[in-house]
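Observations on chain architecture
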Amino acid sequence: MRIALFDSGLGGLTVLSEAVKQLPNEDFLFFADTLHVPYGTKTKEQVQRFVRESLDQMLTENIKALVIACNTATSAAAEELRKECSFPIIGMEPAVKPAVEMNRDTGKRVLVAATPLTLHQSKYAQLVSRVDDHSIVDSLPLPELVTYCEAMQFDDDVLTAYFNEKFAAYPLDDYGTLVLGCTHFPFFKPLLSRILPKHIEIIDGSCGTIRRLRHVLDSKGLLDGQGRGDIRFACSSQDPVYLRKMQQAFDLFHSRESHEDRAVHPANELKVNG
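Being a predicted model, the structure only gives us computed values, none of them experimental. (Residues numbered from 1 in each chain as written. Predicted model: local features only at pLDDT ≥ 70, side-chain atom pairs only at ≥ 80, totals over all residues. Heavy atoms only, no water.)

When helices and strands are counted, the chain shows 11 helices and 11 strands. Taken over the C-alpha trace, the chain has a radius of gyration of 18 Å; the compact-globule value for 274 residues is 19 Å, and the two agree within 12%. The dimensions of the chain, computed from C-alpha atoms along their principal axes, are 50 × 40 × 40 Å. Split into buried and exposed, the 274 residues of the chain put 55% on the buried side. Put simply, of all contacts in the chain between residues at least 6 apart along the chain, 77% involve residues at least 24 apart. (Helix = DSSP H or I, 4+ residues; strand = E, 2+ residues; numbered from the N terminus. Rg over C-alpha atoms; globule rule 2.2 N^0.38 Å. Buried < 20%, exposed > 50% of the residue type's maximum accessible area, 1.4 Å probe, protein only. Contact = heavy atoms within 4.5 Å.)

Written as structure tokens, this is what we have:
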């Protein structure tokens, strides 16, 4: 049986990379809803419908758990899917809680970068309200990053100009942590770590999400460890060109993560130094 990971496009590959590291004896299905990418600019109702349609396709495989490797899809659809599915469903949310804990006593603020839909969902507002007791969290929508990632646009000059424009309104010396609240965004960690002030920690939720997955599988007796680390890629458009791009993007990210020095925060959030 396979563990399924789902996203609208390439972003969830960053979560798959972490899953392969933490669960090397499991097999995986990665499904991208390429007919409807990106999700971050869609309505909640649209995303719910797209996720259900994608799940119908994933259920043709023998899966034992589903990771919604997309903050937007999690906020829009995870709660309803859990009511309907018998297997575990693990969602994602921006790593606001560990970021607030890191900065509560430092006098620094937290900046959360995500898609517009994630930032506008009540789930995100409730999360911030619950953990941000010092009112230190600010939000920054970066929908264009999903488009850049899907196009495999990682040119430093293009992206540096983009980030300079987006961060211009934020006094970066006031911030201690940047939270990457979209699974596409970790593709840009190396560049961000070079252009942001050195004191800013860059974190995302992939490591904690897969630790949660491992715990849930173990508690339900589903962590059999009989797999070989096999990965099957699939997409809603069934486009062979996109399937090759998925493999290329995964190899790029996973190889970089495997060979670069990484610093893991005590709250199990990942920082990559470019």
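This part covers the side chain of H184. Relative to the helices and strands, H184 resides in the loop between β7 (175-180) and α9 (189-195). You can call H184 buried: its relative accessible area is 2%. A polar side-chain atom of H184 sits 2.7 Å from a polar atom in the side chain of E150. Beyond its immediate sequence surroundings of up to four residues, H184 is in contact with D7, S8, G9, L10, G11, V146, C149 and E150. (Polar contact = N/O pair within 3.5 Å; in protein donor to acceptor, adjacent residues only side chain to side chain.)

Turning to the environment of E80, a few remarks are in order. Along the chain, E80 falls in helix α3 (residues 71-84). Sequence separation of E80 and K97 is 17 residues, and the distance between their C-alpha atoms is 24 Å.

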